[in-house]
Amino acid sequence: MTRTLTLRRPDDWHLHLRDGAMMHAVLPWTARHFARAIIMPNLVPPVVTPADAAAYRDRILAATPRGSGFRPLMTLYLTEETQPRDVRAAAEIGLIAAVKLYPAGATTNSASGVKDFSKVRRVLETMAQVGLPLCVHGEVTDAEVDIFDREAAFLDRVLDPIRRDLPELRVVLEHVTTTDGVAYVREGGDGIAGTITAHHLVLNRNHLLAGGIRPHYYCLPVAKRETHRRALVGAATSGEASFFLGTDSAPHTDAAKLQPCGCAGCFTAPNALSVLAEVFEAEGALDRLEAFASLNGPAFYRLEPNAETITLERAAPEDVPAQIDTEDGPVTVFDPGMALHWRVSGG
Ligand SMILES: [Zn+2]
């Protein structure tokens, strides 16, 4: 007997589409399941001005499969030179849905990120006034901080001071990976939310490092201990309004991943929903998947949930390709290391 689950069409509140040939190859995988996505601005060079965002949005729309209805929600990359008036204008015309903060050097293409937070205070103040969310890559980048402690250190040293200084600023702590991050979001009131990826619901650091290193499981923030993963599963499946899906699907070619110094990122767009359904089912929480994937995100971003629905079916294990081809070379699809029984009907 086939079991089915119908949800409002989900959105992805953290997505890397890249550009050019890579974008053309990966975008259809997101557009077939998701109605909207917050598009990360870490291109080379990054998306820093409203003109950059408009041009990137147009390239995305031109590459979107016809009839999919997919809508990119653009962001600006916060730099120490970002102009408050540009942010205000771009927010007021609906060109951008958020601004993204990368601490300098935190992840792929983040060299232009912020070193001195006092230099972005006026921008943050403007965002607080217009209600525009700040999406943060929540890791410090100081070489002396252990990579497994960088999220907790960011909360103490960077995010908490910003939020005390500007309590009205609305913040999305992206790709939460620790019990500390979960607790910080939970205790932070209405003005803060946390996104959680599909892969962080599945991976702990043993999957990455024990019995051989697995470059396709290397992402930032890096997967943590099992206790942290359990906290993420608890938060995602809780139904609490402050947690929602941001896949952080981040394609790199296999050539870039399988290097002595390989790139960080998991490409999960093709099977993120199947992975989520599996995780939620195991927790007895399938009835809360819609809140996590389709309702809590729009509510935080002050948008309507999508009117249309998708249906997931539980059947024989999902048939997702191990790799997709791009003109830049193959990209490996995230392998959760377990059978995926749920698939999107017709998708
Ligand atoms: Zn990301």
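Please refer to the structure placed before this passage.
Just so it is clear, the structure is predicted and the values come from calculations on it, not from any experiment.

**Overview of the overall build of the protein**
Link 1 in the chain: The secondary structure content of the protein amounts to 11 helices and 13 strands.
Link 2 in the chain: Dimensions of the protein, computed from C-alpha atoms along their principal axes, come out at roughly 55 × 45 × 40 Å.
Link 3 in the chain: Per-residue burial for the protein yields a buried fraction of 58% across its 347 residues.
Link 4 in the chain: If you take every contact in the protein between residues at least 6 apart in sequence, the share linking residues at least 24 apart comes to 75%.
Link 5 in the chain: In the structure as shown, the protein presents an accessible area of about 13800 Å², 50% of it carried by carbon and sulfur atoms.
Link 6 in the chain: Separation between the mean location of the 34 positive side-chain charges and that of the 43 negative ones in the protein comes to 1 Å.

**A word on the sheet that holds strand β10 (residues 309-314)**
Link 1 in the chain: Taken in spatial order, the three strands line up as β1-β10-β13 in an open sheet, and their pairing is antiparallel. The outermost strands of the open sheet, each flanked by one partner alone, are β1 (3-8) and β13 (342-344). For this sheet, the mean angle separating the axes of adjacent strands, direction not counted, is 25°.
Link 2 in the chain: Pairing analysis gives three bridges linking β10 to β13, with the strands arranged antiparallel. What sits directly across from L312, in β13, is V344.
Link 3 in the chain: Here helix α11 (residues 289-300) sits on the sheet in contact with β1 and β10, set at roughly 30° to β1.

**A short note on the coordination of the zinc ion**
Link 1 in the chain: For the zinc ion, the protein coordination sphere consists of H14 (NE2), H16 (NE2) and D248 (OD), at 2.1 Å.
Link 2 in the chain: Read in sequence order, the donor residues for the zinc ion give the motif H-x1-H-x231-D. Taken together, the residues H14 in strand β2 (residues 12-15) and D248 in the loop between β9 (243-245) and α9 (254-257) connect sequence positions 234 residues apart. With respect to class, H14 is no different from D248; both count as buried.

**With respect to the sheet that holds strand β8 (residues 192-196)**
In any sheet, the strands associate via hydrogen bonds between backbone groups, in a parallel or an antiparallel arrangement.
Link 1 in the chain: Spatial ordering of the open sheet is given by β2-β3-β4-β5-β6-β7-β8-β9, a layout of eight strands whose pairing is parallel. What marks the edges here is a single partner per strand, and that holds for β2 and β9. Strand after strand, the sheet turns through a mean of 30° between neighbouring axes, direction not considered.
Link 2 in the chain: Two elements, strand β7 (residues 171-173) and β8, share three bridges in a ladder whose sense is parallel. Bridge pairing in β8 links L173 to G194.

**Section: the packing of aromatic side chains**
What characterises a pair of aromatic rings is the spacing of the ring centres plus the angle enclosed by the ring planes.
Link 1 in the chain: Inspection of every chain in the model, using the stated rule, returns eight aromatic pairs.
Link 2 in the chain: Ring plane angle 75° and centroid distance 6.2 Å describe the contact between W13 and F244, whose orientation is recorded as edge-to-face. Taken together, the residues span a long stretch of sequence, with W13 in strand β2 and F244 in strand β9 at a distance of 231 residues.
Link 3 in the chain: Since its relative accessible area comes to 0%, F244 is described here as buried.
Link 4 in the chain: With a centroid separation of 6.4 Å and an interplanar angle of 70°, the aromatic rings of F244 and Y301 are classed as edge-to-face. In this pair, F244 sits in strand β9 while Y301 sits in the loop between α11 and β10, placing the two residues 57 residues apart along the sequence. Across the pair, Y301 and F244 agree in class, each one buried.
Link 5 in the chain: One aromatic cluster is present, formed by W13, F244, F300 and Y301 through successive ring pairs.
Link 6 in the chain: One cation-aromatic arrangement involves R170 over F300; the distance from NZ or CZ to the ring centre is 4.3 Å.
Link 7 in the chain: Stacked on the ring of F148, the Lys or Arg R205 has its end atom at 4.5 Å from the ring centre.

**Description of the pattern of salt bridges**
Link 1 in the chain: Across all of its chains, the model carries 15 salt bridges by this definition.
Link 2 in the chain: Salt-bridge contacts for R88 lead to E92; the nearest nitrogen and oxygen are separated by 3.9 Å. Highlighted residues: R88 and E92, both in helix α3 (residues 84-92), separated by four residues, approximately one helical turn.
Link 3 in the chain: Classification of R88 by relative accessible area gives partly exposed; the value is 30%.

**Considering the environment of A299**
Link 1 in the chain: Along the chain, A299 falls in helix α11.
Link 2 in the chain: Separated by 16 residues in the primary sequence, A299 and A315 place their C-alpha atoms 32 Å from one another.

**Some points on the state of the cysteines**
Covalent bonding between the sulfur atoms of two cysteines defines a disulfide.
Link 1 in the chain: Summed over the entire model, instances satisfying the criterion amount to zero disulfides.
Link 2 in the chain: As a non-bridged cysteine, C219 has C266 as the owner of its nearest cysteine sulfur, 4.4 Å distant.
Link 3 in the chain: C261 forms no disulfide, and the closest cysteine sulfur to it belongs to C263, at a distance of 7.8 Å.
Link 4 in the chain: A relative accessible area of 70% means that C261 is categorised as exposed.

**Let's talk about the packing of helix α6 (residues 179-186) against helix α8 (residues 226-236)**
Link 1 in the chain: Their axes nearest at 8 Å, the elements α6 and α8 cross at an angle of 30°. Classed by the angle they form, the pair α6 and α8 counts as roughly parallel. Across the interface between the two elements, T179, D180, V182 and R186 from α6 touch T227, H228, A231, L232, G234 and A235 from α8.
Link 2 in the chain: Taken together, the residues of the contact of α6 with α8 sort by class into four nonpolar, four polar and two charged.

Conventions and cut-offs
Residues numbered from 1 in each chain as written. Predicted model: local features only at pLDDT ≥ 70, side-chain atom pairs only at ≥ 80, totals over all residues. Heavy atoms only, no water. Helix = DSSP H or I, 4+ residues; strand = E, 2+ residues; numbered from the N terminus. Buried < 20%, exposed > 50% of the residue type's maximum accessible area, 1.4 Å probe, protein only. Contact = heavy atoms within 4.5 Å. Areas by Shrake-Rupley, 256 points an atom, 1.4 Å probe, with all protein chains shown as cover. Lys, Arg positive; Asp, Glu negative; His and termini not counted. Charge placed at Lys NZ, Arg CZ, Asp CG, Glu CD. Pairing = 2+ DSSP bridges. Axes fitted to C-alpha atoms, helices over the stretch in contact; angles between N-to-C directions. Donors = N, O, S within 2.8 Å, 3.2 Å for Na, K, Ca; no water. Phe/Tyr/Trp six-rings, centres within 6.5 Å; stacked < 30°, edge-to-face > 60°. Lys NZ or Arg CZ within 6 Å of the ring centre and 35° of its normal. Salt bridge = Lys/Arg side-chain N within 4 Å of Asp/Glu carboxyl O. Disulfide = S-S within 2.5 Å. Parallel < 35°, antiparallel > 145°, perpendicular 65-115°, else oblique. Nonpolar A, V, L, I, M, F, W, Y, C, P; charged D, E, K, R; others polar.

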